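Chain residues, written in single-letter form:
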Amino acid sequence: TKVLLTGGSGFIATHILQQLLERGHSVVTTVRSQEKADKIKEAYPDLGYDRLDIVIVPDVAQPNAFDAALISDPPLRAVIHTASPFHFNATDIKKDMLDPAINGTTGILKAVVSNAPQVERVVITSSFGSMLDRSKGFWPDHTYSDADWCPLTMEEALQHPGAGYQASKTFAERAAWDFMEKEKPSFTLATICPPLVFGPATQSLSSLDALNTSNQFVRSYLLGTSKEEIPPTMNPIFVDVRDVALAHIAAIEKPEAANKRFFITGGYCSNRQIVDIIRKHFPEYHAQLPHVSAEGGDLPDPVYKIDNQPSKEILGIQYRTLEECITDTVRSFGSVGK
Ligand code: NDP
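> Describe the overall build of the chain, listing the residues and the values that go with them.
Looking only at helices and strands, the chain has 11 helices and 12 strands in total. In terms of overall dimensions, the chain is globule-like: its C-alpha atoms have a radius of gyration of 20 Å, near the 20 Å expected for 338 residues. Viewed in the frame of its principal axes, the chain has a C-alpha envelope of about 60 × 45 × 40 Å. Relative to its full complement of 338 residues, the chain shows a buried share of 54%. Taking as baseline every contact in the chain between residues at least 6 positions apart, the subset at least 24 positions apart corresponds to 79%. As displayed, the chain offers around 15200 Å² of accessible surface, 50% of which is attributable to carbon and sulfur atoms. If you average the places of the 32 positive and of the 41 negative side-chain charges in the chain, the two averages end up 2 Å apart.

> Residues and numbers for the site of the ligand, please.
The ligand sits among 26 residues. The nearest are Ser-9, Arg-32, Lys-36, Tyr-165 and Lys-169. A distance of 2.6 Å separates an oxygen atom of the ligand from a polar side-chain atom of Ser-9. Separating an oxygen atom of the ligand from a side-chain N or O atom of Lys-36 is a distance of 2.7 Å. When residues of the shell around the ligand are traced back to their parent elements, those giving at least two are helix H1 (11-22) and helix H6 (161-183).

> Account for the side chain of Asp-148, naming residues and giving values.
Looking at the element boundaries, Asp-148 is found in the loop between strand S6 (143-144) and helix H5 (154-157). Within the local environment of Asp-148, its side chain forms a polar contact with the side chain of His-142, the two groups lying 2.8 Å apart. A polar atom in the side chain of Asp-148 sits 2.9 Å from the backbone nitrogen of Ser-145. In contact with Asp-148, other than residues within four places in its own chain, are Ser-130, Met-131, His-142, Thr-143 and Arg-261.

> Pulling in residues and values, what's your account of the sheet that holds strand S8 (residues 197-198)?
Strand order in this open sheet of three strands is S8-S9-S11, and the pairing throughout is mixed. Each edge of the open sheet is held by one strand with a lone partner, namely S8 and strand S11 (267-268). Sheet analysis places strand S9 (residues 237-240) next to S11, joined by two bridges and oriented antiparallel. Bridging across to S11, Phe-238 finds its partner in Gly-267.

> Any details on the packing of aromatic side chains? Residues and values, ideally.
Evaluation of the coordinates by the stated rule reveals nine aromatic pairs. Relative to Phe-263, the ring of Phe-128 lies with its centre 5.1 Å away and its plane at 5°, an arrangement referred to as stacked. One end of the pair, Phe-128, is in the loop between strand S5 (121-125) and S6; the other, Phe-263, is in strand S10 (residues 260-263), with 135 residues separating them in the sequence. When sorted by exposure, Phe-128 lands in the same class as Phe-263, which is buried. Between the aromatic rings of Phe-282 and Tyr-285, the centroid separation amounts to 6.2 Å while the plane-to-plane angle is 55°, which identifies the pairing as tilted.

> Explain the packing of helix H4 (residues 93-115) against H6 to me, and be specific about the residues and the numbers.
Closest axis-to-axis distance for the H4/H6 pair is 9 Å, and the angle between their directions is 20°. Between H4 and H6, the angle falls in the class roughly parallel. Here the hand of the crossing between H4 and H6 comes out right-handed. Contacts between H4 and H6 involve Ile-93, Met-97, Leu-98, Ala-101, Ile-102, Thr-105, Thr-106, Leu-109, Lys-110 and Val-113 from the first element and Pro-161, Gly-164, Tyr-165, Ala-167, Ser-168, Phe-171, Ala-172, Ala-175, Ala-176 and Phe-179 from the second. Residue classes in the contact of H4 with H6 are distributed as 15 nonpolar, four polar and one charged.

> Run through the sheet that holds strand S7 (residues 188-193), naming residues and quoting values.
Within a sheet, each strand pairs with its neighbour through backbone hydrogen bonds, oriented either parallel or antiparallel. Reading across the sheet, the seven strands line up as S3-S2-S1-S4-S5-S7-S10 and stay open at both edges, with parallel pairing between neighbours. Strands at the two margins of the open sheet, each flanked by one partner only, are strand S3 (52-56) and S10. Pairwise comparison of adjacent strand axes, ignoring direction, gives a mean angle of 15° for this sheet. Looking at chain direction, strand S2 (residues 26-31) and S3 are connected through five bridges and run parallel. Bridge pairing links Val-28 to Asp-53 in S3. Along the sheet, H4 makes contact with strand S1 (2-6), strand S4 (78-81) and S5, crossing S4 at roughly 170°. With respect to the sheet, H6 is in contact with S5, S7 and S10, its orientation differing from that of S7 by roughly 165°.

The rules behind each value
- Every chain's residues receive numbers from 1 upward, in the order its sequence appears when written.
- With the structure being a predicted model, the display of local features is reserved for residues of pLDDT at least 70 and the display and counting of side-chain atom pairs for 80 or more, all residues being used for whole-chain, interface and lining totals.
- Heavy atoms from the whole structure form the basis of all side-chain values; hydrogens and water molecules are not counted.
- By the criteria applied, helices consist of DSSP H or I runs no shorter than four residues and strands consist of E runs no shorter than two, each listed in order from the N terminus.
- For this measure, only C-alpha atoms enter the radius of gyration; the expected value for a globule follows 2.2 Å times N^0.38, where N is the number of residues.
- Relative accessibility thresholds used throughout: buried, under 20% of the residue-type maximum; exposed, over 50%; partly exposed, between the two (1.4 Å probe, protein chains only).
- The contact criterion used is simple: two residues touch if any of their non-hydrogen atoms lie within 4.5 Å.
- The method behind every accessible area is Shrake-Rupley, applied with a 1.4 Å probe, and residues are considered shielded solely by the protein chains displayed.
- His is not counted, nor are the chain ends, whereas Lys and Arg count as positive and Asp and Glu as negative.
- In this description, the location of a charge corresponds to atom NZ of lysine, CZ of arginine, CG of aspartate or CD of glutamate.
- For each residue, the test is whether any non-hydrogen atom lies within 4 Å of the molecule or strand; if one does, the residue is near.
- Any pair of N or O atoms that falls within 3.5 Å is considered a polar contact. Within protein, one atom must be able to donate a hydrogen and the other to accept it, and sequence-neighbouring residues count only if both atoms are side-chain atoms.
- Pairing between two strands requires that DSSP report at least two bridges joining them.
- Between 30 and 60 degrees the pair is tilted, below 30 it is stacked and above 60 it is edge-to-face, where a pair is any two Phe, Tyr or Trp rings, Trp via its six-membered ring, whose centres lie within 6.5 Å.
- Lines fitted to C-alpha atoms define the axes here, with helix axes fitted over just the stretch in contact, and angles between the N-to-C directions of these axes take values from 0 to 180 degrees.
- Any angle that falls under 35 degrees is termed roughly parallel, while one over 145 is termed roughly antiparallel, one within 65 to 115 roughly perpendicular, and all others oblique.
- With the far helix as reference, a near helix turned anticlockwise by less than a right angle produces a left-handed crossing, and one turned clockwise produces a right-handed crossing.
- In the scheme used here, Gly and all other residues not listed as nonpolar or charged are polar, with Ala, Val, Leu, Ile, Met, Phe, Trp, Tyr, Cys and Pro taken as nonpolar and Asp, Glu, Lys and Arg as charged.

Structural data, given as C-alpha cells:
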C-alpha cells in the first residue's frame, strides 16, 4: 500500500516510517525542511523514490499545505497524520499549539477529499490527553477507555502551555470526527490515543538537548537534578514507541479499525519504577540517580483503571513491558549525535 506519513522527522513518526518500510509499504513523508529530508534519505540510502519519497511542507497550519504531498502516482491508499507540536514552551498558545494541531488535522482531511480520492483510511495521532479529565485527579472509580473525552474549554486551553497542548490534541481529534460526520467522505478514520510515549530515540538529533518532549522525562533522571527525592508520579501510565508505531500501521491495515478511537497503553508506570529500572541496568548512571533511600515517586494509590482491550483485540498489539521500554530508551541516548 502507498501511504502518506506527515511529520516524518518526529520521534514516533521515525518508528512508523521504519515499520511501514519493513512491512513492504511505499511511503511519501512530509518534513519541514530540506535538511530534515536529507537526514531521512541518509537513513535509507538504498531505497528508490518509488519506496520512499519526501515532500517539504513548511507549515501544516497553512491552507492547502498538503496539496502537493497528496498527489501521487500510483495513488495513495492511506494517510497517517502525526505532525503536531508537542512541547510545553508555547508563548502564543493559539498560534504555536492550537492552530497547527487543528488546522493541520482539518487541512489534511480536506486535502484528501480534494486531491486523493483513492485514500481508504486516514489515521490520526491523537493522545490520551484527548480522553483525560485532569479535574478528576486520579479518579479511582473510573475506567478510562475509548469512550472518554477531555472536557477542556477554549478559555482553559489558553491559560497555560500544558493545558494548551492537551486541548490542541482534544480539539484536533474532535474536529476530525466532526469532519467525518458532516462531510461523510469516502475514506474511514481511526485515531490513536497514547499516554506518555517512551522508547528508543531513533530520530535524527544533533544532541540530546534536542530530544523529544516525552523521552525528556526519562532523561531527566540521568541529569542528577533530583537526588533527595523522586518527583511525584503525575502520569501513571506509559506506552513504548514501537507499540505506538505498530498501532498506527495496524489501523491502516485492518478493516475492522474503521471509525474507531484506540486507547494505546502498555500499563501503569511510576517514576520510582523508572528510576529502579535504570539503577538495575545502568551502573554508569548510579551517581546521577536519586539516592537508593530517596522517597517519593510511587504509583498513586488508588488510581483510575485502564481499558486497552480494543487495541489488543482489533489492532493485535502485544505491549512491551516498562523494563524493556526504559532500558532500550536509555541505551538509545548513547547513540545520539554520533
Ligand atoms: P516530536 O516533537 O518528535 O514530533 C512532532 C512532529 O510534528 C515533528 O515531525 C515536527 O516537525 C512536527 N511538527 C510540529 N509542529 C509542526 C508544525 N507547526 N508544522 C509542521 N510540522 C510540525 O514528538 P512526537 O513524535 O512525540 O509527537 C508526534 C505526535 O504524537 C504528535 O501529534 C503528538 O501530539 C503525539 N503524541 C505524542 C506523545 C508522546 O508522549 N510522545 C503522546 C501522545 C501523543 P519538526 O521535526 O520539524 O519539529
